[in-house]
Amino acid sequence: MIYTVIDTFYLTDEQLKNSPSRKDDIDEATETNLRIYGCDLIQESGILLRLPQAVMATGQVLFHRFYCKKSFARFNVKRVAASCVWLASKLEESPRKARQVLIVFHRMECRRENLPIVHLDPFSKKYAELKTDLSRTERHILKEMGFICHVEHPHKFISNYLATLKTPPELTQEAWNLANDSLRTTLCVQFKSEVVACGVVYAAARRFQVPLPENEPWWEVFDAEKSAIDEVCRVLAHLYSLPKAQYIPVCKDGDSFTSSNKSRDSQTQPVSKEVLPSGASANNDTVTPKAATSATINPDSGGSKNSVVKQALDMLKESKKGDDDPKSMAVEGEGREEPIQSKSEHRTEASGERNKERERDRDRERERVKARDRDRGRDSDRERERDEIDRDRDKVKDRKHRSKDRAKDSGGHSEKSRHHSSRDRDYHSSSYSSREKDRHRHHPYS
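This structure is a prediction, so every number in the text was calculated from the model and none was measured. (Residues numbered from 1 in each chain as written. Predicted model: local features only at pLDDT ≥ 70, side-chain atom pairs only at ≥ 80, totals over all residues. Heavy atoms only, no water.)

**Some points on the overall build of the protein chain**
Counting secondary structure elements, the protein chain contains 14 helices and 0 strands. The helix and strand sequence of the protein chain, counted from the amino end, reads α-α-α-α-α-α-α-α-α-α-α-α-α-α. For the protein chain, contacts bridging at least 24 residues in sequence account for 79% of all contacts bridging at least 6. Carbon together with sulfur atoms contributes 50% to the accessible area of the protein chain, which is approximately 30,500 Å² in total. (Helix = DSSP H or I, 4+ residues; strand = E, 2+ residues; numbered from the N terminus. Contact = heavy atoms within 4.5 Å. Areas by Shrake-Rupley, 256 points an atom, 1.4 Å probe, with all protein chains shown as cover.)

The following block contains the structure:
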C-alpha cells in the first residue's frame, strides 16, 4: 500500500516567531492584527457572496498558510484575501466569478475607509488590472502550497464528539461559534483539526459549566493532549481580549485594494513629464545670463567682432531650441493625456450611439411586423371576398342545373302520359269490338 500524506502543513512556535514578516521588521502585534483583519474580510465577503461556511473556513486556512511563507510587506492583505476567497470557492465546489469577487471587495473597502461608493466598471482599465492581479496572486498561493490545498476543518468532529459525550444541545452551537472564531488565529497551522475540536468543546463546556468525564480523560479517546487543549483555550481567550482589527499599511507594492501598481505608475508619469520641462527651462534661464556676460566680456578682452557675433547667434539658437523642446514635450504630454481623459467620454458616446442604433433597429422591426400584419389582414380579406364570390357562383350554377333537371323531368312525364292514353284507347277499342263479335256469335237471332 502507498500512503500519501496530504494534511502536513503544521508549524512549531519557533517557526511562527521567525515568520517572513518578522524579517521585514513587522512586529508580532501588527502581524496578528493583519491576520485577523484579512480573516474578517474573507468572512464578510463570503456572506455578501452567499457562500457556505465551508468556503469561508477554507479561505481563512489558505490565508494563514500563505502568510506563514510570505511576508505582509510583499503581498497586500486585501488582494490576498480576495484571491483566497476566489480559490476556496472553486475548491469547495461553489465557484464565483472574478467580477463578483472584485466588486464585493471594492464595495467593502469603500465602506470601511469611508470613501464615496463608486461602481466598478467591468470594462475599465482599472478592472482589467485588478483581475490580472487577482489571478496572479492565486498562482502565487498555489505555488507556495505546492498545489496541495486540502483542508480539514474541526467542525465535522464537534458534532460527533458532543454526541459521544451526551452533552446538551446548547453546547453544540457554542462550540460551533468558537470553531469559527478559531479560524482567525494561527491554530489551524499549529494543531490538527481533532485537537482544535477538543479544545473548542472543552472551552464551551467550561463557559456553560457542563461537567465532562475526567476520571478517564475524554480527550485521550479523541487523540488529544491536555497541554494542546490548554493552548487552544489560551489563544481563544487572547483573541477575545483584542480590540477590533484595523488595517495597517505595511505593504510596499500598494496599500489600497482598488488601486494597482500600474495605475499609480501611469499617474506619476505625466507629473515627471511636466517637471522635466520646468527644470530644463530653469537651466536655460540660468545659462542665458552667463552667455550674455560671456558675450559682453569677449569684446572687452579684445576678440574680433565676427567671433562675438557668431557666439551670440549660436547662443540664441540654443536658447530657442531649449524653449521649443519643453513646448513640444508639453504638447506631447497634453496629446497623450487627452485620449486618457477622453476615453470615458468616448465610451459613453459610443454606448449612447449603440443604444440609439438598437432602439432604431427595434422600431424598424416593429414597423415591419405591423406592415406584415396589415398585409396579412388585407390578404385574408381578399381571400374571404373571393371565397364568397365563388360560393355565390356555385350556388347560381346549382340553381340553373336544378331548374334544367326539373324541366326535363316534366317533359318526359307528359310524353309518357300521352303514349299511355293512346295505348289505353286502342286497348279499349279492341276489347269492345271483340265483345261485340262474341255477343253476335252467341245470339244469332238478335
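**Digging into unusual backbone geometry**
One non-glycine residue, D25, adopts positive backbone phi at about 65°. Looking at where D25 falls in the secondary structure, it is placed in the loop between α2 (20-23) and α3 (28-48). When its relative accessible area of 74% is taken as the criterion, D25 is described as exposed. Residues other than glycine seldom take positive phi values, yet K166 does so here, at roughly 55°. The topology assignment puts K166 in the loop between α8 (155-165) and α9 (169-182). (Buried < 20%, exposed > 50% of the residue type's maximum accessible area, 1.4 Å probe, protein only.)

**Things to note about the packing of α9 against helix α12 (residues 226-241)**
Contact pair α9 / α12: the axes reach a minimum separation of 11 Å and the direction vectors enclose 75°. On the basis of their axis angle, the class for α9 and α12 is roughly perpendicular. Contacts between α9 and α12 involve L178, D181 and S182 on the former and, on the latter, L236, L239 and Y240. Each residue belonging to the contact of α9 with α12 can be placed in one class, and the counts come to 4 nonpolar, 1 polar and 1 charged. (Axes fitted to C-alpha atoms, helices over the stretch in contact; angles between N-to-C directions. Parallel < 35°, antiparallel > 145°, perpendicular 65-115°, else oblique. Nonpolar A, V, L, I, M, F, W, Y, C, P; charged D, E, K, R; others polar.)

**Some details on the packing of aromatic side chains**
Following the criterion strictly, the structure yields 9 aromatic pairs and no others. Here the aromatic rings of F66 and Y67 are separated by 5.4 Å at their centres, their planes lie at 75°, and the arrangement is edge-to-face. Here the two residues F66 and Y67 agree in accessibility, since each one is buried. Seen from their ring centres, W218 and F222 are 6.2 Å apart, and the 65° between their planes marks the pair as edge-to-face. Here W218 and F222 have matching classes, each one buried. One aromatic cluster is present, built from ring pairs that chain together F63, F66, Y67, F72 and F75. Positioned above the aromatic ring of Y247, the side-chain terminus of K78 is 4.2 Å from the ring centre. Stacked on the ring of W219, the Lys or Arg K226 has its end atom at 5.9 Å from the ring centre. (Phe/Tyr/Trp six-rings, centres within 6.5 Å; stacked < 30°, edge-to-face > 60°. Lys NZ or Arg CZ within 6 Å of the ring centre and 35° of its normal.)

**Here we look at the nonpolar core**
Counting residues in hydrophobic clusters, the biggest one holds 52 residues, and the most contacted among them are F63, Y67 and V80. Residue assignment for this core shows that the elements contributing at least two residues are α3, α4 (53-67), α5 (77-91), α6 (98-112) and α7 (125-145). For this core, the leading source of residues is α5, giving 9 residues. Setting aside residues up to four positions removed in sequence, F63 forms contacts with L34, R35, G38, C39, I42, F72, V77, V80, A81 and C84. One finds I158, L171, W219 and V235 within the second-largest nonpolar core, a separate group that totals 33 residues. (Core = buried A, V, L, I, M, F, W, Y, C linked by side-chain atoms within 4.5 Å.)

**Considering the packing of α3 against α4**
It is the contact of α3 with α4, at a shortest axis distance of 9 Å, that shows an interaxial angle of 155°. Considering the angle they form, α3 stands roughly antiparallel to α4. Crossing geometry of α3 relative to α4 is assigned as right-handed. Residues L34, R35, G38, C39, I42, Q43, G46 and I47 of α3 lie in contact with α4, whose contacting residues are Q53, M56, G59, Q60, F63, H64 and Y67. Here the residues of the contact of α3 with α4 sort into 7 nonpolar, 7 polar and 1 charged. (Left-handed = near helix turned anticlockwise from the far one by under 90°.)

**Focus: the side chain of K78**
One can find K78 in helix α5. In terms of polar contacts, K78 uses its side chain to reach the side chain of E109, at 3.3 Å. (Polar contact = N/O pair within 3.5 Å; in protein donor to acceptor, adjacent residues only side chain to side chain.)

**Observations concerning α4**
Spacing of three or four residues puts side chains on the same side of an α-helix, whose turn is 3.6 residues. When the terminal C-alpha atoms of α4 are compared, their 22 Å separation across 15 residues agrees well with the 21 Å that a helix rising 1.5 Å per residue should span. Among the 15 residues of α4, 13 are classified as buried, and the element is accordingly described as predominantly covered. (Expected span 1.5 Å × (residues − 1).)

**As for the pattern of salt bridges**
Counted by the stated rule, this structure contains 17 salt bridges. Its salt-bridge partner being R184, residue D40 comes within 2.7 Å of it at the nearest N-O pair. Taken together, the residues D40 in helix α3 and R184 in the loop between α9 and α10 (193-208) connect sequence positions 144 residues apart. Per residue, the accessibility class of D40 equals that of R184, and both read buried. Ionic pairing is found between R207 and E174, a salt bridge with its closest N-O pair at 2.7 Å. With R207 in helix α10 and E174 in helix α9, this residue pair connects regions lying 33 residues apart in the sequence. For E174, a relative accessible area of 14% gives the class buried. Counted as one network, the salt bridges with shared partners bring together R22, E31 and R35. (Salt bridge = Lys/Arg side-chain N within 4 Å of Asp/Glu carboxyl O.)

Nothing here speaks to function; it is all geometry.
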